[in-house]
Amino acid sequence: MRTQASNGIAPWWPSQFGADDQIGMLNHIDDAKRAAALGLVREGRIYDLAHVLDERVPVFPGRHFNQTLVTTAHHQNGGGVGDNCANWVICVQHSTEQLGTHLDGLNHLYIGDRTYNGHTVSELAENWGTNRLGAETIPQIVTRGLLVDVSGRGFGPGDVITPEHLGDLAPEPGDAVLFHTGWGRHWNDPDTFLSGEPGPGCELAAWLCERGVALTGCDTWSYGPVPPEDPARPFEVPQTLNVKHGVFVVECLDTAELAADGVREFALILTHPKLRGASGAWTAPIALV
């Protein structure tokens, strides 16, 4: 494996939040930030930003989702337990975390063998996950959300969103900036959806980091243009956000209804299962207005 030194990459660690930090830009979200976000709610309208998760979701090669209904002995006996005939069924899922609407952990993406705060794979890896930066370390998120709708530009695979496309958008530290590219309209056509995507480019990634944005996401299967701006540097945009600066990324958002209603500012609530050592987690974020 090539090292950072051999690739001429300067170390990006320790983090501005300290060498032991595990939550990156989420440090900017405090009680005051959450209270201000909830103060944006005036009507009580809710927007569900997640897709339904099942075997039909588009998946990056090597990933999969399978759910099985477990028929228990109680179910088979045709009666149940006790005079009240209590009965139940359960389901078992076998899946990778990085599919469907999901939040990537800071242990998911690497530059060479190092991730956020310079940790190496060999330092982190356990047989059950990673011993730092796992999904259980990610706080539940309540913050101000901002939506950037560029769907009217007809963007397709490889098209780049730049700071100029944001107009007068002025994110503050701890905000979440979400992008509606319109590519999500292909969700039910996996071949097209996975053939590429538009997305924020490297310049915009740096712009978001400079402003302390805590979380960002798109209605696409990854984050950033595919094909990339430089064919020799794939997935450099999420590397910049996630690995170098600790900005969390949400993928496969469903922002269509939010964009159609012209909502541009909202309270974002994003919760997730606290899976020890996991490299991400499924989530069903909501926007409240």
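Residues numbered from 1 in each chain as written. Predicted model: local features only at pLDDT ≥ 70, side-chain atom pairs only at ≥ 80, totals over all residues. Heavy atoms only, no water.

Draft legend 1. Expanded view of the nonpolar core. Residues Phe179, Leu208, Leu215, Leu241 and Phe266 are the most contacted members of the largest nonpolar core, which totals 54 residues. Every element with two or more residues in this core is listed here: strand 7 (141-149), strand 9 (176-180), helix 5 (202-210), strand 11 (215-218), helix 6 (236-245), strand 12 (248-251), helix 7 (256-260) and strand 13 (265-270). At five residues, the largest contribution of residues to this core is made by helix 5. Apart from the residues lying within four places of it in its own chain, the contact partners of leucine 215 are Leu103, Ile141, Asp175, Ala176, Val177, Leu178, Val247, Phe248, Val250, Leu268 and Leu270. Core analysis: the second largest hydrophobic core is formed by nine residues, Val57, Phe65, Leu99 and Cys252 among them. (Core = buried A, V, L, I, M, F, W, Y, C linked by side-chain atoms within 4.5 Å. Buried < 20%, exposed > 50% of the residue type's maximum accessible area, 1.4 Å probe, protein only. Helix = DSSP H or I, 4+ residues; strand = E, 2+ residues; numbered from the N terminus. Contact = heavy atoms within 4.5 Å.)

Draft legend 2. Expanded view of unusual backbone geometry. Following tryptophan 13, the chain continues into proline 14 via a peptide bond in cis, with omega recorded as 0°. Mapped onto the fold, proline 14 is located in the segment before helix 1 (31-38). Omega for the peptide link from valine 226 to proline 227 comes to 5°, which places this bond in the cis form. Within the element layout of this structure, proline 227 appears in the loop between strand 11 and helix 6. Notably, asparagine 117 is not glycine yet its phi reads approximately 65°, a positive angle.

Draft legend 3. Representation of the side chain of threonine 101 within the structure. Note on placement: threonine 101 falls in the loop between strand 3 (90-95) and strand 4 (102-104). Judged by relative accessible area, which is 4%, threonine 101 ranks as buried. A distance of 3.0 Å separates a polar side-chain atom of threonine 101 from the backbone nitrogen of histidine 51. (Polar contact = N/O pair within 3.5 Å; in protein donor to acceptor, adjacent residues only side chain to side chain.)

Draft legend 4. Layout of a nonpolar patch on the surface. A contiguous nonpolar surface patch, about 260 Å² in accessible area, is contributed by Val81, Trp88 and Ile90. Structurally, the position occupied by valine 81 is in the loop between helix 2 (73-76) and strand 3. The exposure class assigned to valine 81 is partly exposed, which follows from its relative accessible area of 37%. (Patch = residues over 30% accessible without salt bridge, like charges linked within 9 Å, V, L, I, M, F, W, Y side chains within 5 Å. Areas by Shrake-Rupley, 256 points an atom, 1.4 Å probe, with all protein chains shown as cover. Salt bridge = Lys/Arg side-chain N within 4 Å of Asp/Glu carboxyl O.)

Draft legend 5. Broad picture of the layout of surface pockets. Size it by volume and the second largest pocket reaches roughly 240 Å³. Lining the second largest pocket are 14 residues, with Arg63, His108, Leu109, Ser222 and Glu251 positioned closest to its centre. Sorting the residues of the lining of the second largest pocket by element identifies strand 4, helix 6 and strand 12 as the ones contributing at least two each. For the lining of the second largest pocket, the class distribution of residues is six nonpolar, five polar and three charged. (1 Å grid on protein atoms, 1.4 Å probe; cavity = no way out; pocket = protein on both sides within 12 Å on 5 of 7 lines; lining within 4 Å. Points joined across faces, edges and corners; volume = space filled by probe spheres on them. Nonpolar A, V, L, I, M, F, W, Y, C, P; charged D, E, K, R; others polar.)

Draft legend 6. Summary view of empty space enclosed by the protein. Inspection of the entire model under this criterion finds one cavity of 30 Å³ or more. Quantified by volume, the largest cavity comes out at close to 60 Å³. Around the largest cavity, the lining residues are Pro58, Val59, Phe60, Arg63, Gln98, Leu99, Gly100, His102, Leu194, Trp221, Glu251 and Cys252. Residues that form the lining of the largest cavity fall into these classes: seven nonpolar, three polar and two charged.

Draft legend 7. Molecular detail of the sheet that holds strand 4. The nine strands are arranged 1-15-13-7-9-11-12-4-14 in an open sheet whose pairing can be described as mixed. Each end of this open sheet is capped by a strand with a single partner; those strands are strand 1 (46-48) and strand 14 (280-282). Averaged over all adjacent pairs, the angle separating strand axes in this sheet is 25°, with direction ignored. In the packing of helix 1 onto the sheet, the strands contacted are strand 7 and strand 13, and the crossing angle to strand 7 comes to about 55°. (Pairing = 2+ DSSP bridges. Axes fitted to C-alpha atoms, helices over the stretch in contact; angles between N-to-C directions.)

Draft legend 8. Examining the environment of proline 58 more closely. By the secondary structure assignment, proline 58 is in the loop between strand 1 and strand 2 (65-70). We classify proline 58 as buried; its relative accessible area is 4%. A sequence separation of 136 residues divides proline 58 from leucine 194, and the C-alpha atoms of the two residues are 7.0 Å apart. Non-local contacts of proline 58, meaning those with residues more than four positions away in its chain, are made with Trp187, Pro190, Phe193 and Leu194.

Draft legend 9. Spotlight on the pairing of strand 9. Within strand 9, five of the five residues are buried, which leaves it mostly tucked inside the rest of the structure. Across the two faces of strand 9 the burial is the same, with Ala176, Leu178 and His180 and Val177 and Phe179 all buried. Bridging between strand 7 and strand 9 involves five bridges; their strand directions are parallel. Among the inter-strand pairings, glycine 145 is bridged to a residue of strand 9, identified as alanine 176. Pairing of strand 9 with strand 11, which is carried by four bridges, proceeds in the parallel orientation. The residue of strand 11 that forms the bridge with phenylalanine 179 is cysteine 218.

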